[in-house]
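Next come the chains, spelled out residue by residue.
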Amino acid sequence: MTRAPELTVVHVPVSDPLVRPLLRELGDEYSRRYGRDAHAEISRYPDEEFTAPHGGVLLLLLEHGVPVAGGAFRRYDAATAELKRIWTHSAHRRRGLARRVVAELEHEARARGYRRIRLTTGPRQPEARGLYLATGYTPLFDTRADPETLGLLPFEKHLPSPASRREAARP
C-alpha cells in the first residue's frame with residue numbers, strides 16, 4: 001500500500017517567499033480565465049489584512065517543505081471571515097488539497113471567534129463553485145442561472161460555535 005505524503009500546515013505572512021507560487025499561479029490563472037491582468041486583483045487587499053492582529057490568516061500546506069496548496073481569510077466584519085486566495089499548485093490538483101485548505105481555514109476562523117464565512121468566486125471557475133457546494137457552502141445566487149450573467153458568485157457558511165460542537169459530540 002502506498003502511503004500518502006504528510007502535509008504540514010504553516011501560517012505565513014504574504015511576504016514569505018513560500019507564498020510566491022500561490023500568488024503567481026493565481027494571477028496567471030485568473031488572467032487566462034478572464035483575459036486581463038489579475039495580479040492587481042490579488043494585491044487589492046493590504047497584506048496585513050491576512051495577519052492575526054487584523055483578524056486574518058494565510059496558510060499553506062507544505063509537502064516535504066514545498067507549498068502545494070494554500071488559502072487565506074480576512075475579517076469581513078466582527079462575526080464573518082472572508083475566504084480569499086484558495087489555491088492548489090497546478091502539479092498537485094485532484095488530490096483533495098483544496099478541501100483540506102478550506103477545512104483548515106474554517107477551523108482557524110472558528111477558533112478566532114468567527115461564526116460565518118463568506119466568499120465570492122468568479123463565473124469562470126467551475127472547480128471553485130463545485131468545491132464550495134461540496135463543502136457545505138450555501139450559494140447566494142441562482143444556481144440554475146448562467147454564471148456568466150451573474151458576475152461574482154457569493155457563498156456563505158455558518159460555523160458551529162465550539163460549545164455547540166462539544167454538545168453535539170456528547171453521547
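Placed above this text is the structure.
Residues numbered from 1 in each chain as written. Predicted model: local features only at pLDDT ≥ 70, side-chain atom pairs only at ≥ 80, totals over all residues. Heavy atoms only, no water.

Once that is clear, we can look at helix α1 (residues 20-34). The terminal C-alpha atoms of α1 lie 21 Å apart, and with 15 residues this matches the ideal 21 Å at 1.5 Å per residue to within 8%. Among all positions of α1, only P21, L22, E25, L26, G27, E29, Y30, S31 and Y34 are buried. Following α1 by one or two positions, G35 adopts a phi angle in the positive range, close to 70 degrees. (Helix = DSSP H or I, 4+ residues; strand = E, 2+ residues; numbered from the N terminus. Expected span 1.5 Å × (residues − 1). Buried < 20%, exposed > 50% of the residue type's maximum accessible area, 1.4 Å probe, protein only.)

With that out of the way, let us pick up the layout of surface pockets. By volume, the largest pocket amounts to about 1,200 Å³. Lining the largest pocket we find 40 residues, and of these Y30, I86, T121, Q125 and A128 sit closest to its centre. At the level of secondary structure, the elements contributing two or more residues to the lining of the largest pocket comprise α1, α2 (39-42), β4 (80-88), α3 (97-111), β5 (116-121) and α4 (126-134). If one sorts the elements of the lining of the largest pocket by residue count, β4 sits on top with seven residues. Within the lining of the largest pocket, the residues separate by chemical class into 17 nonpolar, eight polar and 15 charged. (1 Å grid on protein atoms, 1.4 Å probe; cavity = no way out; pocket = protein on both sides within 12 Å on 5 of 7 lines; lining within 4 Å. Points joined across faces, edges and corners; volume = space filled by probe spheres on them. Nonpolar A, V, L, I, M, F, W, Y, C, P; charged D, E, K, R; others polar.)

So, on to unusual backbone geometry. Positive phi, normally seen in glycine, also occurs at R85, with a value near 60 degrees. Unusually for a residue other than glycine, R94 sits at a positive phi of about 70 degrees. Mapped onto the elements, R94 comes out in the loop between β4 and α3. Owing to a relative accessible area of 86%, R94 belongs among the exposed residues under this scheme.

A separate point is the packing of aromatic side chains. Taken as a whole and judged by the stated rule, the model has four aromatic pairs. Relative to F155, the ring of Y132 has its centre 5.6 Å away and its plane inclined at 55 degrees; by these criteria the two rings are tilted. Of this pair, Y132 sits in helix α4 while F155 sits in strand β7 (residues 153-158), and the two are 23 residues apart along the sequence. Note on F141 and F155: the rings are 5.3 Å apart at their centroids and 80 degrees apart in plane angle, and the pair reads as edge-to-face. Within this pair, whereas F141 is found in the loop between β6 (138-139) and β7, its partner F155 is found in strand β7, the two being separated by 14 residues in sequence. For the residue pair F141 and F155, the accessibility class agrees, reading buried in each case. Members of the aromatic cluster, connected to one another through ring pairs, are Y132, Y137, F141 and F155. (Phe/Tyr/Trp six-rings, centres within 6.5 Å; stacked < 30°, edge-to-face > 60°.)

On their own, these measurements won't tell you what the molecule is for.
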